[in-house]
Number of protein chains: 2
Amino acid sequence: MSRPHRLTRIAQLLSERRFSSQDELAEALGRGGTEVTQATLSRDLRSLGVSKRSGPDGGTWYELPGPATEQLDRGRQMVDLKVFVNEARLAQNLAIVKTPPGHASAVARAIDMLEFEGLVGSVAGDDTVLCVLADTATAKRFKRHLDALAGRIGGAR
Amino acid sequence: MSRPHRLTRIAQLLSERRFSSQDELAEALGRGGTEVTQATLSRDLRSLGVSKRSGPDGGTWYELPGPATEQLDRGRQMVDLKVFVNEARLAQNLAIVKTPPGHASAVARAIDMLEFEGLVGSVAGDDTVLCVLADTATAKRFKRHLDALAGRIGGAR
DNA sequence: CACGTTCGCGCATAGTTATGCATCGGCTTC
DNA sequence: GAAGCCGATGCATAACTATGCGCGAACGTG
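Residues numbered from 1 in each chain as written. Chains lettered and ligands numbered in written order. Predicted model: local features only at pLDDT ≥ 70, side-chain atom pairs only at ≥ 80, totals over all residues. Heavy atoms only, no water.

Asks: I keep staring at the interface of chain A and chain B and nothing clicks. Help me out?
Replies: When the parts of a complex come together, some accessible area is lost, and that lost area is often used as the size of the interface. With 28 residues of chain A in contact, the opposing surface of chain B contributes 28 residues. The junction of chain A with chain B conceals about 2,200 Å² of combined surface from both sides, 43% of it contributed by carbon and sulfur atoms. At the boundary of chain A with chain B, the tally comes to 0 salt bridges. Mapped by element, the contributors of at least two residues to the side of chain A that touches chain B are helix H3 (38-48), strand E1 (51-54) and strand E2 (60-63) of chain A. The element best represented in the side of chain A that touches chain B is E1(A), accounting for 4 residues. Split into classes, the residues belonging to the side of chain A that touches chain B amount to 8 nonpolar, 11 polar and 9 charged. Where E1(A) meets strand E1 (residues 51-54) of chain B, 3 bridges bridge the pair, whose relative direction is antiparallel. Bridging from a neighbouring strand, A:Ser51 pairs with B:Arg53 of E1(B). (Contact = heavy atoms within 4.5 Å. Buried area = accessible area lost by both parts, 1.4 Å probe. Salt bridge = Lys/Arg side-chain N within 4 Å of Asp/Glu carboxyl O. Helix = DSSP H or I, 4+ residues; strand = E, 2+ residues; numbered from the N terminus. Nonpolar A, V, L, I, M, F, W, Y, C, P; charged D, E, K, R; others polar. Pairing = 2+ DSSP bridges.)

Here it is, written out as structure tokens:
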């Protein structure tokens, strides 16, 4: 199964129930026909910006980023990016992200929450988000990251 | 230094800059005159509901709970509980939490975000929050947890 | 104040995650 | 279509975190 698919699947699983270790998650993915090693999972979770949380009672579990602690919104963040990023173009150290009309600010928020190193800032219009990256190399990495999340590796440009 | 103080200090540090490991945090605390081992830190971070986050770029760091991803609000959650919980009483499996006038809903929100196992739910009035716990034993643990965070171990009842 | 409990905490170590290195397959370039 | 790149991934292992156990201090009781 392709990486983008796997990432989506992981986000789904995390939004459904709590997993306390990567091995546990790996097993669940396996049962779903998606074989994956702990090492890859470690990298995937990083891509998704997932965090590991621990409660006062002893448990620990993975949590999707964003307004995640708000029960109902769990799992939204990445799904938003996947669904609402139509295209990402580069211009030197700038990235222009196209979204459906009116969705720019939501996408910009989601992008900010990626905490991408080298992302200086972003401004949202109505259907466009302008992201300022530290340099062209970073911008390239950034675009790739977005493309990967959106499931369009090497997609529209 | 007392545990409550230490917890507060940790929350402060985490809101100031990023720490990527418990040892790193321990060292910072040490420089501030608060000696602590990694083991204790592990337990403290759990008490605070802190989560470990990893970014797309390779870094990992600890993050306070709550609307934490909103830069400006970082570190607020626990501080709120510490400052605004006046008193916690028990009645069977119920906990009555007193707050300053008008602060009940804010405290209730903070309490919900603790994700305390066994906390069935909570309702807020104006200066009182009623928490429903699974059973009396859980209620007791819950009260202790609140007392500890508020810096009043075995405090008012 | 002696006794039974509970809590906080260090130590040592089990349990989990992250990552350097080597591969492999897909793309791009001459 | 051979050579060079790059991303994705497994493996082995380093790095980091959680926890069982035991001790000592603090508290509640009679």
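The rest of the description comes next.
Asks: Would you take a moment to explain the sheet that holds E1(A) for this structure?
Replies: The strands making up a sheet associate through hydrogen bonds between their backbones, and the pairing can be parallel or antiparallel. Sheet architecture is open: 4 strands sit in the order E2(A)-E1(A)-E1(B)-E2(B), paired in antiparallel fashion. Of all the strands in the sheet, just E2 of chain A together with strand E2 (60-63) of chain B have a single pairing partner and so form its edges. Along the sheet, successive strands turn relative to each other by an average axial angle of 25 degrees, direction set aside. (Axes fitted to C-alpha atoms, helices over the stretch in contact; angles between N-to-C directions.)

Asks: Help me out: how do you make sense of the relation of the copies chain A and chain B in this one?
Replies: The two chain copies are related to each other by a rotation about an axis together with a translation along it. With an RMSD of 0.1 Å, the operation that places chain A on chain B is a rotation of 180 degrees combined with a shift of 0.1 Å along the axis. These values place the two chain copies in the arrangement generated by a two-fold rotation axis. The rotation axis passes nearest to the C-alpha of A:Lys52 in chain A, at a distance of 2.6 Å. Both copies contact each other with a shared surface, as 96% of the interface residues of chain A are interface residues in chain B too. (Least-squares fit on C-alpha atoms with pLDDT ≥ 70 in both.)

Asks: For this particular structure, what's the right way to read the protein's contact with DNA strand C?
Replies: Around DNA strand C, 18 residues are found, and the nearest of them are A:Lys52, A:Tyr62, B:Arg6, B:Thr40 and B:Arg144. Near the protein, within 4 Å, the atoms of DNA strand C are sugar or phosphate in 64% of cases. Within the contact set of DNA strand C, a phosphate oxygen lies 2.6 Å away from a side-chain nitrogen or oxygen of B:Thr37. Listing elements by their share of the surface near DNA strand C, those giving two or more residues are H3 of chain A together with helix H1 (3-16) and helix H3 (38-48) of chain B. (Near = heavy atom within 4 Å. Polar contact = N/O pair within 3.5 Å; in protein donor to acceptor, adjacent residues only side chain to side chain.)

Asks: I'm lost on the protein's contact with DNA strand D in this one. Help?
Replies: The local shell around DNA strand D holds 17 residues, among which A:Arg6, A:Thr37, A:Thr40, B:Arg46 and B:Tyr62 are the closest. Backbone atoms, meaning sugar plus phosphate, form 64% of the atoms of DNA strand D positioned within 4 Å of the protein. Within the contact set of DNA strand D, a phosphate oxygen lies 2.7 Å away from a side-chain nitrogen or oxygen of A:Arg6. The set of elements that each furnish at least two residues to the surface near DNA strand D consists of helix H1 (3-16) and H3 of chain A together with H3 of chain B. When residues of the surface near DNA strand D are assigned to their parent elements, the largest contribution, 5 residues, is made by H3(B). In the surface near DNA strand D, the residues fall into 3 nonpolar, 7 polar and 7 charged.

Asks: Explanation requested: the pairing of strand E4 (residues 94-98) of chain B in the structure shown.
Replies: Every regular strand shows the same layout, with side chains that alternate between the two sheet faces. Residues and elements named next belong to chain B. Only one face of E4 is covered, namely the one carrying Ala-95 and Val-97; the face carrying Leu-94, Ile-96 and Lys-98 has none of its residues buried. In the sheet, E4 pairs with strand E6 (residues 128-133) via 5 bridges, with the strands oriented antiparallel. Bridge pairing links Ala-95 to Cys-131 in E6. (Buried < 20%, exposed > 50% of the residue type's maximum accessible area, 1.4 Å probe, protein only.)

Asks: I tried to follow the packing of aromatic side chains on my own but got confused; where do I start?
Replies: Aromatic ring pairs are defined here through the distance separating the ring centres and the angle between the ring planes. One pass over the structure, following the stated rule, counts 0 aromatic pairs over all chains. Above the face of the A:Trp61 ring, A:Arg18 is positioned so that its terminal group lies 3.8 Å from the ring centre. (Phe/Tyr/Trp six-rings, centres within 6.5 Å; stacked < 30°, edge-to-face > 60°. Lys NZ or Arg CZ within 6 Å of the ring centre and 35° of its normal.)

Asks: Is there a simple way to think about helix H2 (residues 22-31) of chain B in this case?
Replies: Residue pairs spaced three or four apart in an α-helix point in one direction, given the helix's 3.6 residues per turn. Residues and elements named next belong to chain B. Residues of H2 that are buried include every one of Gln-22, Leu-25, Ala-26, Ala-28 and Leu-29, and no others. Along the axis of H2, the buried residues cluster in a sector spanning 160 degrees; they form a single face. Exposed residues on H2 whose side chains face more than 90 degrees from its buried face are Asp-23 and Arg-31. Where the residues of H2 are buried, they touch H1, H3 and E2. Phi turns positive, to about 85 degrees, at Gly-33, one or two residues after H2. (Arc of directions from axis to C-beta.)

Asks: Help me understand the pattern of salt bridges in this model?
Replies: A side chain with one charge may pair with a side chain of the opposite charge, provided their charged atoms come close. All names here are of chain B. On inspection of all chains with the given rule, the structure shows 9 salt bridges over all chains. Between Asp-44 and Arg-6 there is a salt bridge, with its nearest N and O atoms 2.0 Å apart. Linking Asp-44 in helix H3 with Arg-6 in helix H1, this pair joins segments that are 38 residues apart in sequence. The pair Asp-44 / Arg-6 is uniform in exposure class, with both members buried.

Asks: How should the packing of H1(B) against H2(B) be read in this particular structure?
Replies: Angle between the axes and distance between the axes: these two values describe a pair of packed helices. All names here are of chain B. For the pair H1 and H2, the least separation of the axes is 11 Å and the interaxial angle reads 110 degrees. When the axes of H1 and H2 are compared, the pair comes out roughly perpendicular. Crossing of H1 over H2 shows right-handed handedness. In contact with Arg-9, Ile-10, Leu-13 and Leu-14 of H1, H2 contributes Leu-25, Ala-28 and Leu-29. Its residues placed into classes, the contact of H1 with H2 shows 6 nonpolar, no polar and 1 charged. (Parallel < 35°, antiparallel > 145°, perpendicular 65-115°, else oblique. Left-handed = near helix turned anticlockwise from the far one by under 90°.)

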